[in-house]
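Single-letter residue listing:
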Amino acid sequence: MAVRKPFGYGSLSILFLFSGFLINYNFGNGFILTHYLFNLMGLAIHSNGTDGFNYPFLASMPFWLATILVSKRNIHDFGAVVSKRIGELLLAISVVVTIIFLILPLWIEF
(Lines give C-alpha, C1' and ligand atoms only; values in the text may rest on other atoms or scores of the structure.)
Protein backbone atom coordinates (compact mmCIF):
# COMPACT_ATOMS: atom_id res chain seq x y z
CA MET A 1 0.00 0.00 0.00
CA ALA A 2 1.36 3.42 -0.97
CA VAL A 3 1.95 6.06 1.64
CA ARG A 4 -0.20 9.15 1.01
CA LYS A 5 1.48 12.51 1.35
CA PRO A 6 -0.37 15.06 3.48
CA PHE A 7 -1.67 18.35 2.22
CA GLY A 8 0.34 21.20 3.66
CA TYR A 9 2.22 24.37 2.76
CA GLY A 10 4.10 22.52 0.03
CA SER A 11 0.77 21.89 -1.68
CA LEU A 12 0.44 25.66 -2.15
CA SER A 13 3.19 25.39 -4.74
CA ILE A 14 0.59 23.86 -7.08
CA LEU A 15 -1.49 27.02 -6.64
CA PHE A 16 1.50 29.26 -7.46
CA LEU A 17 2.28 27.16 -10.52
CA PHE A 18 -1.32 27.39 -11.71
CA SER A 19 -1.36 31.16 -11.07
CA GLY A 20 1.73 31.60 -13.24
CA PHE A 21 -0.14 30.02 -16.13
CA LEU A 22 -3.39 31.81 -15.39
CA ILE A 23 -2.07 35.39 -15.48
CA ASN A 24 -0.93 34.95 -19.10
CA TYR A 25 -3.85 32.79 -20.24
CA ASN A 26 -5.89 34.09 -23.17
CA PHE A 27 -9.51 33.76 -22.15
CA GLY A 28 -12.14 33.24 -24.85
CA ASN A 29 -12.95 36.92 -25.34
CA GLY A 30 -9.28 37.94 -25.79
CA PHE A 31 -8.82 39.02 -22.17
CA ILE A 32 -5.30 38.44 -20.79
CA LEU A 33 -4.79 39.58 -17.20
CA THR A 34 -1.20 40.77 -17.62
CA HIS A 35 -2.03 42.75 -20.76
CA TYR A 36 -4.89 44.41 -18.90
CA LEU A 37 -2.64 45.30 -15.95
CA PHE A 38 0.14 46.63 -18.20
CA ASN A 39 -2.38 48.79 -20.09
CA LEU A 40 -3.83 49.99 -16.78
CA MET A 41 -0.35 51.09 -15.63
CA GLY A 42 0.46 52.63 -19.04
CA LEU A 43 3.32 50.25 -19.80
CA ALA A 44 4.15 48.87 -23.25
CA ILE A 45 3.26 45.24 -23.84
CA HIS A 46 5.81 44.62 -26.59
CA SER A 47 9.37 45.85 -26.98
CA ASN A 48 8.91 47.19 -30.54
CA GLY A 49 5.47 48.77 -30.56
CA THR A 50 3.10 46.02 -31.67
CA ASP A 51 5.65 43.22 -31.95
CA GLY A 52 8.87 42.12 -30.31
CA PHE A 53 9.46 40.70 -26.85
CA ASN A 54 6.28 40.25 -24.81
CA TYR A 55 6.96 41.94 -21.46
CA PRO A 56 3.99 40.39 -19.60
CA PHE A 57 5.81 37.08 -20.07
CA LEU A 58 8.15 38.30 -17.30
CA ALA A 59 5.22 38.62 -14.88
CA SER A 60 4.99 34.85 -14.52
CA MET A 61 8.61 34.50 -13.37
CA PRO A 62 7.89 35.43 -9.72
CA PHE A 63 5.22 32.72 -9.65
CA TRP A 64 7.70 30.12 -10.92
CA LEU A 65 10.20 31.26 -8.28
CA ALA A 66 7.56 31.10 -5.52
CA THR A 67 6.65 27.60 -6.68
CA ILE A 68 10.24 26.46 -6.33
CA LEU A 69 10.84 28.10 -2.94
CA VAL A 70 7.63 26.85 -1.32
CA SER A 71 7.97 23.33 -2.66
CA LYS A 72 11.65 23.06 -1.64
CA ARG A 73 10.87 24.13 1.89
CA ASN A 74 7.98 21.67 2.23
CA ILE A 75 9.05 18.88 -0.11
CA HIS A 76 7.18 16.13 1.77
CA ASP A 77 3.73 17.60 1.10
CA PHE A 78 1.37 16.50 -1.65
CA GLY A 79 2.35 17.79 -5.11
CA ALA A 80 5.51 19.54 -4.00
CA VAL A 81 7.98 17.41 -5.93
CA VAL A 82 6.15 17.61 -9.24
CA SER A 83 5.44 21.33 -8.96
CA LYS A 84 9.08 21.98 -8.00
CA ARG A 85 10.35 20.22 -11.11
CA ILE A 86 7.88 21.97 -13.39
CA GLY A 87 8.63 25.33 -11.75
CA GLU A 88 12.38 24.84 -12.16
CA LEU A 89 11.95 23.99 -15.83
CA LEU A 90 9.69 26.98 -16.50
CA LEU A 91 11.95 29.38 -14.59
CA ALA A 92 15.01 28.14 -16.48
CA ILE A 93 13.24 28.56 -19.82
CA SER A 94 12.05 32.03 -18.80
CA VAL A 95 15.54 33.14 -17.78
CA VAL A 96 17.13 31.80 -20.97
CA VAL A 97 14.50 33.46 -23.17
CA THR A 98 14.91 36.75 -21.29
CA ILE A 99 18.69 36.65 -21.73
CA ILE A 100 18.45 35.81 -25.43
CA PHE A 101 15.78 38.35 -26.39
CA LEU A 102 16.32 41.23 -23.93
CA ILE A 103 19.80 41.33 -22.46
CA LEU A 104 21.89 39.90 -25.29
CA PRO A 105 20.70 42.41 -27.97
CA LEU A 106 21.45 45.31 -25.60
CA TRP A 107 24.93 43.95 -24.92
CA ILE A 108 25.69 43.37 -28.60
CA GLU A 109 24.83 47.01 -29.50
CA PHE A 110 27.81 48.30 -27.47
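Everything numeric here is computed off the predicted structure, so don't read it as measured data.

A. Molecular detail of helix α2 (residues 33-41). Within α2, burial applies to Thr 34, His 35 and Phe 38. An end-on view of α2 places all buried positions within 100° of arc, on one side of the element. The exposed set on the far side of α2, more than 90 degrees from its buried face, consists of Asn 39 and Leu 40. For α2, the secondary structure elements touched by its buried residues are β2 (51-54).

B. The pairing of β2, seen in detail. Sheet analysis places strand β1 (residues 46-48) next to β2, joined by two bridges and oriented antiparallel. Along β2, the bridge assignment pairs His 46 with Asn 54. Adjacent in sequence and paired antiparallel, β1 and β2 are bridged by two residues, among which Gly 49 carries a positive phi angle near 75°.

C. The arrangement of the nonpolar core in detail. Residues Leu 17, Met 61, Trp 64, Ile 68, Leu 90 and Leu 91 constitute the largest nonpolar core, which totals six residues. For this core, the secondary structure elements donating two or more residues are α3 (61-73) and α4 (80-109). Ranked by residues supplied to this core, first place goes to α3 with three residues. The residues contacting Met 61, other than those within four sequence positions of it, are Leu 91, Ser 94, Val 95 and Thr 98.

D. Representation of a nonpolar patch on the surface. A contiguous nonpolar surface patch, about 1100 Å² in accessible area, is contributed by Phe 18, Leu 22, Tyr 25, Phe 27, Phe 31, Leu 33, Tyr 36, Leu 37, Leu 40, Met 41 and Leu 43. Going through the elements one at a time, α1 (12-22) and α2 are the ones with two or more residues in the nonpolar patch. On the secondary structure map, Tyr 36 appears in helix α2.

E. Quick look at the pattern of salt bridges. Inspection of the entire model under this criterion finds one salt bridge. Measuring nitrogen to oxygen at the nearest pair gives 3.3 Å for the salt bridge that ties Lys 84 to Glu 88. With Lys 84 and Glu 88 both in helix α4 and four residues apart, the pair spans about one turn of that helix. A relative accessible area of 18% means that Lys 84 is categorised as buried. Judged by relative accessible area, Glu 88 falls into the partly exposed class, the value being 31%.

F. Just the side chain of Asp 77, in detail. Looking at where Asp 77 falls in the secondary structure, it is placed in the loop between α3 and α4. Buried and unpaired, Asp 77 has no salt bridge, with Lys 5 as the nearest side chain of opposite charge at 8.4 Å. Reaching out from Asp 77, the side chain makes a polar contact with the backbone nitrogen of Gly 10 at a distance of 2.8 Å. Residues contacting Asp 77, with those up to four places away along its chain left out, are Lys 5, Pro 6, Gly 8, Tyr 9, Gly 10 and Ser 11.

Each value, and the rule that gives it
- Residues numbered from 1 in each chain as written.
- Predicted model: local features only at pLDDT ≥ 70, side-chain atom pairs only at ≥ 80, totals over all residues.
- Heavy atoms only, no water.
- Buried < 20%, exposed > 50% of the residue type's maximum accessible area, 1.4 Å probe, protein only.
- Helix = DSSP H or I, 4+ residues; strand = E, 2+ residues; numbered from the N terminus.
- Arc of directions from axis to C-beta.
- Contact = heavy atoms within 4.5 Å.
- Pairing = 2+ DSSP bridges.
- Core = buried A, V, L, I, M, F, W, Y, C linked by side-chain atoms within 4.5 Å.
- Patch = residues over 30% accessible without salt bridge, like charges linked within 9 Å, V, L, I, M, F, W, Y side chains within 5 Å.
- Areas by Shrake-Rupley, 256 points an atom, 1.4 Å probe, with all protein chains shown as cover.
- Salt bridge = Lys/Arg side-chain N within 4 Å of Asp/Glu carboxyl O.
- Lys, Arg positive; Asp, Glu negative; His and termini not counted.
- Polar contact = N/O pair within 3.5 Å; in protein donor to acceptor, adjacent residues only side chain to side chain.

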